[in-house]
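What the coordinates show
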There are 2 protein chains.
Amino acid sequence: MYTYKSSEDRLVELKYLLDKKRPNELSELLRRTNPVDIVEFIEELSAEEALVVFRLLKKDDAVEVFAELESEEKEKLQAGLQEREFKELLRDLNFDDMIDTLEEMPAAMVQRILKSSDKQTRALVNEYLSFPEYSAGRLMTTEFVELKPYMTVKEALAHIKKVGHDMVTLYTCYVTSPTKEILGYVSLRSIVTNKPDTLIDDLMYQDVIYVHTTDDQEDVALTFQKYGFTALPVVDKTDRLVGLITVDDIMWIIEQEATEDFQLLAGTTPDEEAYSKTRPWDLAKNRIPWLMFLMISATFTSTILRGYEYVVQAVIALNMFIPMLTDSGGNAGSQASTLVIRAMATHDIETSDWAKVVLKEITVGLICGLALGIVAFLKCYFFDKVGMQVSFIVGLTIVGIVVIAKTVGSLLPIVAEKFGADPAIMASPLISTIVDSLSLIVYFNVARLMIPGL
Amino acid sequence: MYTYKSSEDRLVELKYLLDKKRPNELSELLRRTNPVDIVEFIEELSAEEALVVFRLLKKDDAVEVFAELESEEKEKLQAGLQEREFKELLRDLNFDDMIDTLEEMPAAMVQRILKSSDKQTRALVNEYLSFPEYSAGRLMTTEFVELKPYMTVKEALAHIKKVGHDMVTLYTCYVTSPTKEILGYVSLRSIVTNKPDTLIDDLMYQDVIYVHTTDDQEDVALTFQKYGFTALPVVDKTDRLVGLITVDDIMWIIEQEATEDFQLLAGTTPDEEAYSKTRPWDLAKNRIPWLMFLMISATFTSTILRGYEYVVQAVIALNMFIPMLTDSGGNAGSQASTLVIRAMATHDIETSDWAKVVLKEITVGLICGLALGIVAFLKCYFFDKVGMQVSFIVGLTIVGIVVIAKTVGSLLPIVAEKFGADPAIMASPLISTIVDSLSLIVYFNVARLMIPGL
């Protein structure tokens, strides 16, 4: 049994056979290795070695491996391949993979390749490039099975057998009208489990759920998640079927979108490159603008502190609780904003729910604030021994700060979305900075009210 | 064409037909509605209405709809169904959906139902319950197609046609030995595109990638993402094939795991309930422990402030930059920790990469710190007009704080993972609190060094 779970073992074995120059055994083992693992293997090799391995692959695997390689690896291989070989490879790629490859290549080379390809391909490429970035049009492939309602199961199976090899998936087939409108869909499952003379018309589902070429990839991912489909059809402005998106491309998008939100939460400019592959200089470039903006915003607290200096000078003990208070406000605000950002990203709540959300957060804020306020009071009084007055000011301030922080933290992501910005920019760092200033104002005003003569 | 994109329109139409008591048209429209939308429809109805709609569904849809309902909706329906009806429904559910339903029911009722079910089902249920929570065993279904290597394509198709109806997927079929070991897998795609007399043995792939019943669902999700499969086989301790996991269950897990990390990042206890469905009281309960812990930790800053009070009293201008400095430290640290947490969650980096990560963050910290330090110095000197000495202290402190914050922020998630904790607990709030204290210590020590006589 050639089952394997550890791809590391497999990679070691492949490398051994390559080093020992045993092409037959290597080729045999490559045939039993998943293309994803072959990609990992090739990425560790020198350009010459990579070319040797690549040429040992059987054609289907070579096409799949090439599609999955990182762009610099593709370039390395391409440099070693003859132009004829490369063009052939390009022709065998699925449409979306071909486009990805072309996009990464120098413009002059793309021109040369397109010139020598047929008219239909050129038209497709041009149409593709007209779709907005991150849209369904950019994700779709154009290789799908089209059936007609008047076909029988037997005819459909024969058709699938004939065209199946070049298709991305056979498992969902779309039934179209002569003008390319979708009439319905039929799964290969129901084709193979029904009698040969059954009409496709009788088998197809008519409740087709589709996306438009211009739909955002995030919405496409949500539609996949909602219905649990493995493929979704893509239609153009005039509702003609033009492509198909499969679930394997979507899983990466779900993860990518989450990563993008994490990056915004971290207060950095989102970057598509993986962390491990981003150079320090680029990481710094993504982070400095936010850090700078937040630092400048935070200096606003200096202005507030300066304005209330007389309060601190009157009761110096107040000073030492400032970091604790601003921190607690920031934490309370981050909790609210992060959860609201996530709930909006997963479409659990919408902007129209704003009143419900804010009301909920005020309630949560009151409960949390009271709990924290009491503990803070007790700690100040019994542990820090700063006296009843200051302890009470600190305790009361906490309640106010937590309620305000929760309100601001829940409201701002919704406001951002309303104005067409990504709610995730209203993440912890920004909320903390805003809440810091508010916390100081609350603190000093509570103090002024409580301390006679101020 | 009954295609639809807006499920809202569909729901309005269904409700209209229900209210107007037009069962035939309603039943007709239900047949053309995706079960996921029917679930949404039923969840808005009263128990009586829900029962009416449920009984209008054709059997396959009823089973699918029931499986997808929230547990309280299931209970509502169940109360209206006769026990015989309910048992029949339960029998028609896929194994994993049946288990989910049983798990949500009162223990006494489960006992009664199990007693009247066959021995094999009882054994399966008991085995299932022995798997750890969130393991592959709990995710898998037991309805999959098994083929034998000696079958021909024609025989395989006949077998699939016979057993196909009850199977979760037909698209990946596993080839097993008489002792239930996996010998390989074959896709329905290659079965339908090959000649009738081809042997399954010649079509099957032998590089089976599988998971174990006890594997964590997060690892299962990563395997799906890595290889882009739509189904993965599950084997038991003795490597016998026992189940199958399909990609639609995995998409939710990818999202759930990300949501869990978001909750930890927010400094709250993770909760499986959606935000919109969690009551304020429960939200508060999830948040108070962290807020409390962070507040108490933050009071450590008071101790530090108290210890260095003489520095502030000597140069009172230093006081007003404290929040800005601690904030900048917190932000710099959060950036590092959040990105490292995400990189670990997506397996972009591992604990063994710690030295590389820390070195990278120190470099990034130096670049960011210098940029921020220079701006802070200029701002203090020209804008706040606090003099050369204080401006220089602030600028220099920023450089130190940013480097330290980046180091701590990147190291702590790795340390957490090393000790078997979720790296996401080392999120912004905790990092900020730790960095706050460090920032103050750096600030006051830089001041002591720079100000003669302190």
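No experiment lies behind these values; they were computed from the predicted model shown.

For the pair of chain copies, the relating operation is a rotation around an axis with a shift along it. The two copies are related by a screw motion: chain A maps onto chain B through a turn of 180° and a shift of 0.1 Å along the axis, at an RMSD of 0.1 Å. This pairing of chains is accounted for by a two-fold axis. Residue by residue, 100% of the interface of chain A is reproduced at the interface of chain B, so both copies engage with the same surface.

Turning to unusual backbone geometry, a few remarks are in order. Residue and element names in this part refer to chain A. Positive phi, close to 60°, is recorded for Y134, a residue that is not glycine. Structurally, the position occupied by Y134 is in the loop between helix 10 (119-129) and helix 11 (136-139). Phi at K180 is positive, roughly 75°, even though this residue is not glycine. Tracing the chain through its elements places K180 in the loop between strand 2 (172-176) and strand 3 (182-187).

The next thing to look at is a negative patch on the surface. On the surface, a cluster of negative charge is contributed by E72(A), E75(A), E133(A), E260(A), E272(A), E273(A), E350(A), E417(A) and D422(A). Examined against the element boundaries, E417(A) turns out to sit in helix 21 (residues 387-418).

Turning our eyes to something else, we now look at the side chain of E73(A). Positionally, E73(A) belongs in helix 6 (residues 71-80). Apart from the residues within four sequence positions on either side, E73(A) is in contact with I42(A) and E43(A).

What follows is about the pattern of salt bridges. By the definition in use, this model includes 38 salt bridges over all chains. Salt-bridge contacts for K356(A) lead to D353(A); the nearest nitrogen and oxygen are separated by 3.7 Å. Across the salt bridge formed by R32(B) and E28(B), the nearest N and O atoms sit 3.4 Å from each other. Each of the salt bridges in this network shares a partner with another, and the network as a whole consists of K15(A), D19(A) and E49(A).

Every contact between the two is made by 125 residues of chain A and, on the other side, 125 residues of chain B. Of the roughly 11500 Å² buried at the junction of chain A and chain B (both faces included), carbon and sulfur atoms supply 64%. When the area that chain A buries against chain B is broken down by residue, the three leading residues are R189(A), F262(A) and Y275(A), summing to 7%. Run the count over chain A and chain B and you get 6 salt bridges. Salt-bridge contacts for E40(A) lead to K226(B); the nearest nitrogen and oxygen are separated by 3.0 Å. Here chain A and chain B share 50 residue pairs in polar contact (both at pLDDT 80 or more) between them. With 18 residues, helix 17 (residues 280-307) of chain A is the largest single contributor of residues to the side of chain A that touches chain B. Looking at side-chain class alone, the side of chain A that touches chain B contains 66 nonpolar, 34 polar and 25 charged residues.

Moving on: the packing of helix 20 (residues 354-383) of chain B against helix 21 (residues 387-418) of chain B. Residues and elements named next belong to chain B. Contact pair helix 20 / helix 21: the axes reach a minimum separation of 7 Å and the direction vectors enclose 160°. Taken together, the axis directions place helix 20 and helix 21 in an arrangement best described as roughly antiparallel. Judged by the twist between their axes, the crossing of helix 20 over helix 21 is right-handed. Class assignment of the residues belonging to the contact of helix 20 with helix 21 gives a composition of 22 nonpolar, 8 polar and 2 charged.

The next thing to look at is the nonpolar core. F321(A) and F321(B) are the most contacted members of the largest nonpolar core, which has 103 residues in total. Sequence-distant contacts of F321(B), that is, excluding residues within four places in its chain, are made with S302(A), C380(B), D384(B), V386(B), V390(B), V394(B) and Y443(B). If you look at the next biggest cluster of nonpolar residues, it comprises 62 residues, including V36(A), Y174(A), Y185(A) and L232(B).

With that settled, the discussion passes to the UniProt feature "transmembrane region" (unreviewed entry) in chain A. Residues and elements named next belong to chain A. As annotated by UniProt and renumbered to match this structure, "transmembrane region" (unreviewed entry) occupies residues 288-308, 362-383, 390-412 and 424-446. Secondary structure over residues 288-308 splits into 95% helix and 0% strand, and the C-alpha atoms at its two ends are 31 Å apart. From the first C-alpha to the last, residues 362-383 spans 30 Å; its make-up is 100% helix and 0% strand.

The next point concerns the packing of aromatic side chains. Summed over all chains, the structure comprises 24 aromatic pairs over all chains. Grouping aromatic residues by their ring pairs yields a cluster made of Y185(A), Y205(A), Y227(A) and F229(A). Over the ring of Y275(A) we find K360(B), and its NZ or CZ is 5.0 Å from the ring centre.

What follows is about the sheet that holds strand 4 (residues 211-212) of chain B. Residue and element names in this part refer to chain B. Taken in spatial order, the 3 strands of this open sheet run 4-5-6, and their pairing is mixed. The open sheet has two edge strands, strand 4 and strand 6 (241-246), and neither has a second partner. In terms of strand pairing, strand 5 (residues 231-235) meets strand 6 through 5 bridges, oriented antiparallel. Residue P233 lies in a different strand from strand 6, and its bridge partner there is L244. The strands touched by helix 15 (residues 217-227) are strand 4, strand 5 and strand 6; relative to strand 5, the strand with the most contacts, the crossing angle is about 140°.

Turning next to the domain arrangement of chain A. For chain A, the domain assignment lists domain 1 (7-138), domain 2 (144-250) and domain 3 (280-450). For domain 1 of chain A versus domain 3 of chain A, the distance between C-alpha centres works out to 51 Å.

The subject of this paragraph is the pairing of strand 3 of chain A. Residues and elements named next belong to chain A. When you tally the buried positions in strand 3, you get 5 out of 6 residues, the bulk of the element. Pairing geometry for strand 2 and strand 3, over 5 bridges, is antiparallel. Each residue of the ladder has a partner; that of T176, found in strand 3, is I182. Hairpin geometry of strand 2 and strand 3 is characterised by an intervening segment of 5 residues between the two adjacent antiparallel strands and by a positive phi of about 75° at K180.

Once that is clear, we can look at helix 15 of chain B. Across the 11 residues that make up helix 15 of chain B, a large majority, 8, are buried. Two or three places before E218(B), at the opening of helix 15 of chain B, D216(B) has a side-chain oxygen 3.0 Å from that residue's backbone nitrogen.

Once that is clear, we can look at a nonpolar patch on the surface. Residues and elements named next belong to chain A. A surface patch of nonpolar side chains, about 500 Å² in accessible area, is lined by I374, L378, Y381, F382 and M388. By residue number, the principal contributor to the nonpolar patch is helix 20 (residues 354-383), which donates 4 residues. Among the secondary structure elements, Y381 is positioned in helix 20. Note on Y381: relative accessible area 32%, which makes it partly exposed.

What counts, and at which threshold
- Residues numbered from 1 in each chain as written.
- Chains lettered and ligands numbered in written order.
- Predicted model: local features only at pLDDT ≥ 70, side-chain atom pairs only at ≥ 80, totals over all residues.
- Heavy atoms only, no water.
- Least-squares fit on C-alpha atoms with pLDDT ≥ 70 in both.
- Contact = heavy atoms within 4.5 Å.
- Helix = DSSP H or I, 4+ residues; strand = E, 2+ residues; numbered from the N terminus.
- Patch = residues over 30% accessible without salt bridge, like charges linked within 9 Å, V, L, I, M, F, W, Y side chains within 5 Å.
- Areas by Shrake-Rupley, 256 points an atom, 1.4 Å probe, with all protein chains shown as cover.
- Salt bridge = Lys/Arg side-chain N within 4 Å of Asp/Glu carboxyl O.
- Lys, Arg positive; Asp, Glu negative; His and termini not counted.
- Charge placed at Lys NZ, Arg CZ, Asp CG, Glu CD.
- Buried area = accessible area lost by both parts, 1.4 Å probe.
- Polar contact = N/O pair within 3.5 Å; in protein donor to acceptor, adjacent residues only side chain to side chain.
- Nonpolar A, V, L, I, M, F, W, Y, C, P; charged D, E, K, R; others polar.
- Axes fitted to C-alpha atoms, helices over the stretch in contact; angles between N-to-C directions.
- Parallel < 35°, antiparallel > 145°, perpendicular 65-115°, else oblique.
- Left-handed = near helix turned anticlockwise from the far one by under 90°.
- Core = buried A, V, L, I, M, F, W, Y, C linked by side-chain atoms within 4.5 Å.
- Buried < 20%, exposed > 50% of the residue type's maximum accessible area, 1.4 Å probe, protein only.
- UniProt positions renumbered as here; feature names shortened; annotations may be inferred.
- Phe/Tyr/Trp six-rings, centres within 6.5 Å; stacked < 30°, edge-to-face > 60°.
- Lys NZ or Arg CZ within 6 Å of the ring centre and 35° of its normal.
- Pairing = 2+ DSSP bridges.
- Domains from an automatic or database assignment.

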